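Residue-level structural notes
Spelled out from the first residue to the last, the chains are:
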Amino acid sequence: MEKKSNLNDLACFQVYTLHHAFGRYYQAAFAESGLTYAKYIILKALDTQAPMSLSELSQHVGVEPNTVSPLAKKMATYGVIERVRDAEDERRIVLRLTEYGFQVVKAADQVVAQNFADLGISDDDASQAIALISRLRSAVEKARPVRFDLPQAPPRAQDSLLD
């Protein structure tokens, strides 16, 4: 009989649960401010590479444009980013941080750095983990996975898994 792997031994499960743990962690850190993990990622992207179009931003953060667009509109109403039409192509909306947006990023970065330092993970360990996760993400993005086909189901359970 083949040995079954433990759920905790699966890299995909560890990344999945880490993603959710970070979401809860940032939710607690940003609490009542209205800033969320998703908004923080957008602010960080614009802090490092602005101005960017909506499609460039969504590609940069790895999220679909229809997910980023409502966040960008909401963030513009809060005054942390501005949305302007590109002078060369009026169909293109360009996003960049406002002065207030830069202040928010700076303040959030300080909280994130302090909280991360309190986790007790060394800078070296964090750098190694980031490098490994980055390589893993890149490999997964380039991979062509083998397709999963369901085994033939018993007659009474024919469609139950896919319903």
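The structure this text deals with has already been given above.
Along every chain, residues carry numbers that run from 1 in the direction the sequence is written. Per-residue local features of the predicted model are confined to residues with pLDDT of at least 70, and side-chain atom pairs are confined, for both listing and counting, to 80 or more; whole-chain, interface and lining totals are unaffected and use all residues. Calculation of side-chain values draws on the structure's entire complement of heavy atoms; hydrogens and water are dropped beforehand.

This paragraph deals with the pattern of salt bridges. Think of a salt bridge as a Lys or Arg side-chain nitrogen and an Asp or Glu carboxyl oxygen that are within 4 Å of each other. Summed over all chains, the structure comprises six salt bridges. The salt bridge involving Arg92 is made with Glu56; its shortest N-O contact spans 3.0 Å. On the criterion of sequence distance, the pair formed by Arg92 in the loop between β2 (81-85) and β3 (93-97) and Glu56 in helix α3 (residues 54-61) is long-range, its members being 36 residues apart. To sort residues, take the accessible area from a 1.4 Å probe on protein chains only and compare it with the maximum for the residue type: under 20% means buried, over 50% means exposed, and anything in between is partly exposed. Judged by its relative accessible area of 28%, Arg92 is partly exposed. Helical segments are the DSSP runs of H or I of at least four residues, strand segments are the runs of E of at least two, and each set is numbered from the N terminus.

Pairing in this open sheet of three strands is antiparallel, and the strands run β1-β3-β2 from one edge to the other. Looking along the sheet, the strands with just one partner apiece sit at the ends: β1 (52-53) and β2. For two strands to pair, DSSP has to find at least two bridges joining them. With five bridges connecting them, β2 and β3 associate as antiparallel partners. Bridge pairing in β3 links Arg83 to Leu95. Contact definition: two residues touch when any of their heavy atoms are within 4.5 Å. To obtain each axis, a line is fitted to C-alpha atoms, and for helices this fit is confined to the stretch in contact; angles are then taken between N-to-C directions over 0 to 180 degrees. Packed onto the sheet, helix α2 (residues 37-49) meets β1, β2 and β3 and runs at close to 90° relative to β3.

Among buried residues, the Ala, Val, Leu, Ile, Met, Phe, Trp, Tyr and Cys ones that are joined through side-chain atoms within 4.5 Å form a nonpolar core. Ranked by internal contacts, the top residues of the largest apolar core, which has 22 residues, are Phe30, Tyr40, Ile42, Leu43, Leu46, Leu57 and Ile81. If you tally residues by element for this core, the top one is α2, at five residues. Here Tyr40 is in contact with Tyr26, Phe30, Leu35, Ala108, Asp109 and Val112, once residues within four sequence places are set aside.

With that settled, consider the packing of α2 against helix α4 (residues 65-78). Here α2 crosses α4 at 80°, and the two axes come no closer than 11 Å. Comparing the axis directions of α2 and α4 gives the class roughly perpendicular. Here α2 contributes Ala38, Lys39, Ile42 and Leu43 to the contact with α4, which in turn contributes Val68, Leu71, Lys74, Met75 and Tyr78. Class assignment of the residues belonging to the contact of α2 with α4 gives a composition of seven nonpolar, no polar and two charged. Under this scheme an angle from 65 to 115 degrees is roughly perpendicular, one under 35 degrees roughly parallel, and one over 145 degrees roughly antiparallel; angles in between are oblique. Each residue is assigned to one of three groups, with Ala, Val, Leu, Ile, Met, Phe, Trp, Tyr, Cys and Pro labelled nonpolar, Asp, Glu, Lys and Arg labelled charged, and all others, Gly among them, labelled polar.

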